[in-house]
Amino acid sequence: MKHSTRLLAMSAIAATAIALAGCSSGGSSSSSTDSATSGALTPVKLQLQWYSQAQFAGYYAALDQGYYKDEGLDVSILEGAADIVPIDTLTSGQADYAISWVPKVLGSIEQGAAVTDVAQIFERSGTTQISMKTAGITTPADLKGKTVGSWGYGNEWELFAGMQKAGVGVGDISLVSQAFDMNGFLAGDIQAAQAMTYNEYAQVLETVNPATGKLYQPSELNVIDWNTVGTAMLQDAVWADSTRLADDPAYADTTVKFIKASIKGWAYARDNPEEAAKIVTASGSQLGESHQLWMTNEVNKLIWPSENGVGMINQNEWDQTVSIAKGTKNETGATIITSDPPATAFSNEYVTKALDELKADGVDVNGTSFKPITVTLKEGGK
């Protein structure tokens, strides 16, 4: 991954699985109908931002449960890979929609990509900075003078924004290029490491603490949550081609249908997390059973409850993401963007139509009563 717009929230478990699988990036792409009957359906390709895992459970559930087919769509899910930039796949016409983090795409938009966020699926950030309790790091201010890990490549902005807000400059820490695993952290080489709630944090809890002979426990860790700090940025969103939306009524109509079925898939994952995890595993994901269920449960927390309905772009959250993208500097003094994105960067038009239809069908699009399940992790995420 050599581009700032690429998603890098990958785990050691995923990396191992990729190596074992020969790094195939398209092995689990599938369709909800067979070739004999798909002629009456509109073909749609969805580009993910990483390999098959429960981060994308709603899309796999929508495919498995026939929700896309119900909307007249023949959807193929294209897995991501280290050398795939979802927005590049979308703008080159190789996909109809793409999943990617907002700050990463803002950079692409400033560079000329004509794309629109048509459904903001994740309402909360899953990025954290974790440390051992013994390090005494509970706030961004405590990072000063510490060895801090970052994946880089566009994943560092919430961290830098949180530090900046606390008066800690990049030069005030020892910044370490963190590998896509938690080995450096567990070895003590990194005092505060980046970790997604649904992935790397679980990796630590799946590891045996040599001091106790038991798995690490949440009570042994401190977690800095950027949602709480106030520097969270919008993450997984559905992106569409802005030009096609404006010029092609059929594509605009397909967009509403695609969003509708996808949200229905996420509602299924909310109400049936165990089944959703199994569906993703069946799609080709090599993550362990307990890890996959943990991921489904944690991703649900980033979506539900949804005050205005899943997919609606909240103006305040969008503005915060843009503000951080414009005002936060990295170790080279660069920012993600230098000016505000165009008005076409996001639209609630299509998701509003989809939500109205779902509510008319009796689908719970708010999940007000959502309660996460309790997941027991096993060693190695098995």
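The coordinates are above.
Since the model is a prediction, treat every value here as computed from it, not as a measurement.

1. Observations concerning the overall build of the protein chain
So, point 1. Within the protein chain, the secondary structure is distributed over 15 helices and twelve strands.
So, point 2. Burial status across the protein chain gives 58% buried among its 382 residues.
So, point 3. Across the protein chain, the fraction of contacts at a sequence separation of at least 24, relative to all contacts at a separation of at least 6, is 82%.
So, point 4. Entry remark: accessible area of the protein chain is about 14900 Å², with carbon and sulfur atoms responsible for 49%.

2. A few points about the environment of Thr207
So, point 1. Examined against the element boundaries, Thr207 turns out to sit in the loop between α8 (200–205) and β9 (208–209).
So, point 2. For the pair Thr207 and Gly381, spaced 174 residues apart in sequence, the C-alpha separation works out to 8.7 Å.

3. Some details on the packing of aromatic side chains
So, point 1. Enumeration over the complete set of coordinates arrives at nine aromatic pairs.
So, point 2. Aromatic side chains Tyr68 and Phe258 sit 5.3 Å apart centroid to centroid with 10 degrees between the ring planes, which places their arrangement in the stacked category. With Tyr68 in helix α3 (residues 67–70) and Phe258 in helix α11 (residues 249–271), this residue pair connects regions lying 190 residues apart in the sequence. There is no split in this pair, since Tyr68 and Phe258 are both buried.
So, point 3. With centroids separated by 6.3 Å and ring planes inclined at 75 degrees, the aromatic side chains of Phe122 and Trp266 adopt a geometry described as edge-to-face. Taken as a pair, Phe122 in the loop between β4 (115–119) and β5 (127–132) and Trp266 in helix α11 lie far apart in primary sequence, 144 residues in all.
So, point 4. The exposure class assigned to Phe122 is buried, which follows from its relative accessible area of 1%.

4. Regarding the sheet that holds β4
So, point 1. Pairing is mixed in the open sheet, where five strands are placed in the order β2-β1-β3-β12-β4. Of all strands in the sheet, those bounded by a partner on one side alone are β2 (73–78) and β4. On average, adjacent strands in this sheet sit at an angle of 35 degrees to one another, irrespective of strand direction.

5. Structural notes on the nonpolar core
So, point 1. With 62 residues, the main nonpolar core has Tyr59, Tyr68, Ile121, Val238, Phe258 and Trp266 as its most contacted residues.
So, point 2. For this core, the element with the highest residue contribution is α11, accounting for eleven residues.
So, point 3. In this view, Tyr59 contacts Leu46, Leu48, Tyr68, Ile77, Ile99, Ile121, Val238, Ser262 and Trp266; residues no more than four positions away in its chain are not counted.
So, point 4. Membership of the second largest hydrophobic core comes to 24 residues, among which are Val102, Leu234, Trp318 and Ile336.

6. A short note on the layout of surface pockets
So, point 1. Here the largest pocket is characterised by a volume of approximately 330 Å³.
So, point 2. Those elements that place two or more of their residues in the lining of the largest pocket are α5 (102–110), α6 (157–165) and β7 (174–177).
So, point 3. The residue makeup of the lining of the largest pocket, split by class, is eight nonpolar, ten polar and three charged.

7. As for the pattern of salt bridges
So, point 1. The final tally for this structure, using the stated rule, is twelve salt bridges.
So, point 2. Across the pair Arg270 and Asp271 runs a salt bridge whose closest N-O atoms are separated by 2.8 Å.
So, point 3. Between Glu275 and Lys278 there is a salt bridge; the shortest N-O distance is 3.8 Å. With a gap of three residues between them, Glu275 and Lys278 both fall in helix α12 (residues 273–282), about one helical turn apart.
So, point 4. Note on Glu275: relative accessible area 36%, which makes it partly exposed.
So, point 5. It is possible to trace a salt-bridge network through shared partners that takes in Glu71, Lys260, Glu357 and Asp361.

8. Considerations on empty space enclosed by the protein
So, point 1. Summed over all chains, the structure comprises one cavity of 30 Å³ or more.
So, point 2. Quantified by volume, the largest cavity comes out at close to 40 Å³.
So, point 3. Partitioning the lining of the largest cavity into residue classes produces four nonpolar, three polar and one charged.

9. Remarks on the pairing of strand β6 (residues 147–150)
So, point 1. Burial along β6 is two-sided: Thr147 and Gly149 and Val148 and Ser150, pointing in opposite directions, are all buried.
So, point 2. Two elements, β6 and β7, share four bridges in a ladder whose sense is parallel. If you follow Thr147 over to β7, its bridge partner there is Ser174.
So, point 3. With respect to chirality, the unit in which β6 leads through α6 into the neighbouring parallel β7 is right-handed.

10. Quick look at α6
So, point 1. The buried fraction of α6 amounts to seven of the nine residues, a majority that puts the element mostly inside the structure.
So, point 2. Residues of α6 that are buried include every one of Trp157, Glu158, Leu159, Phe160, Ala161, Gly162 and Met163, and no others.
So, point 3. In this fold, the buried residues of α6 make contact with β5, β6, β7, β8 (192–196), α9 (226–229) and α14 (315–327).
So, point 4. Gly167 sits one or two residues past α6 and shows a positive phi near 80 degrees.

11. So, the pairing of strand β1 (residues 42–47)
So, point 1. Alignment of β1 against β2, held across six bridges, turns out to be parallel. When the sheet's bridge partners are listed, Val44 is paired in β2 with Val75.
So, point 2. In this structure, β1 lies alongside strand β3 (residues 97–101), joined through two bridges in parallel fashion. Residue pairing across strands places Leu46 opposite Tyr97, the latter belonging to β3.

So, how was this worked out
Residues numbered from 1 in each chain as written. Predicted model: local features only at pLDDT ≥ 70, side-chain atom pairs only at ≥ 80, totals over all residues. Heavy atoms only, no water. Helix = DSSP H or I, 4+ residues; strand = E, 2+ residues; numbered from the N terminus. Buried < 20%, exposed > 50% of the residue type's maximum accessible area, 1.4 Å probe, protein only. Contact = heavy atoms within 4.5 Å. Areas by Shrake-Rupley, 256 points an atom, 1.4 Å probe, with all protein chains shown as cover. Phe/Tyr/Trp six-rings, centres within 6.5 Å; stacked < 30°, edge-to-face > 60°. Pairing = 2+ DSSP bridges. Axes fitted to C-alpha atoms, helices over the stretch in contact; angles between N-to-C directions. Core = buried A, V, L, I, M, F, W, Y, C linked by side-chain atoms within 4.5 Å. 1 Å grid on protein atoms, 1.4 Å probe; cavity = no way out; pocket = protein on both sides within 12 Å on 5 of 7 lines; lining within 4 Å. Points joined across faces, edges and corners; volume = space filled by probe spheres on them. Nonpolar A, V, L, I, M, F, W, Y, C, P; charged D, E, K, R; others polar. Salt bridge = Lys/Arg side-chain N within 4 Å of Asp/Glu carboxyl O. Right-handed = clockwise from strand over helix to strand, strands pointing away.

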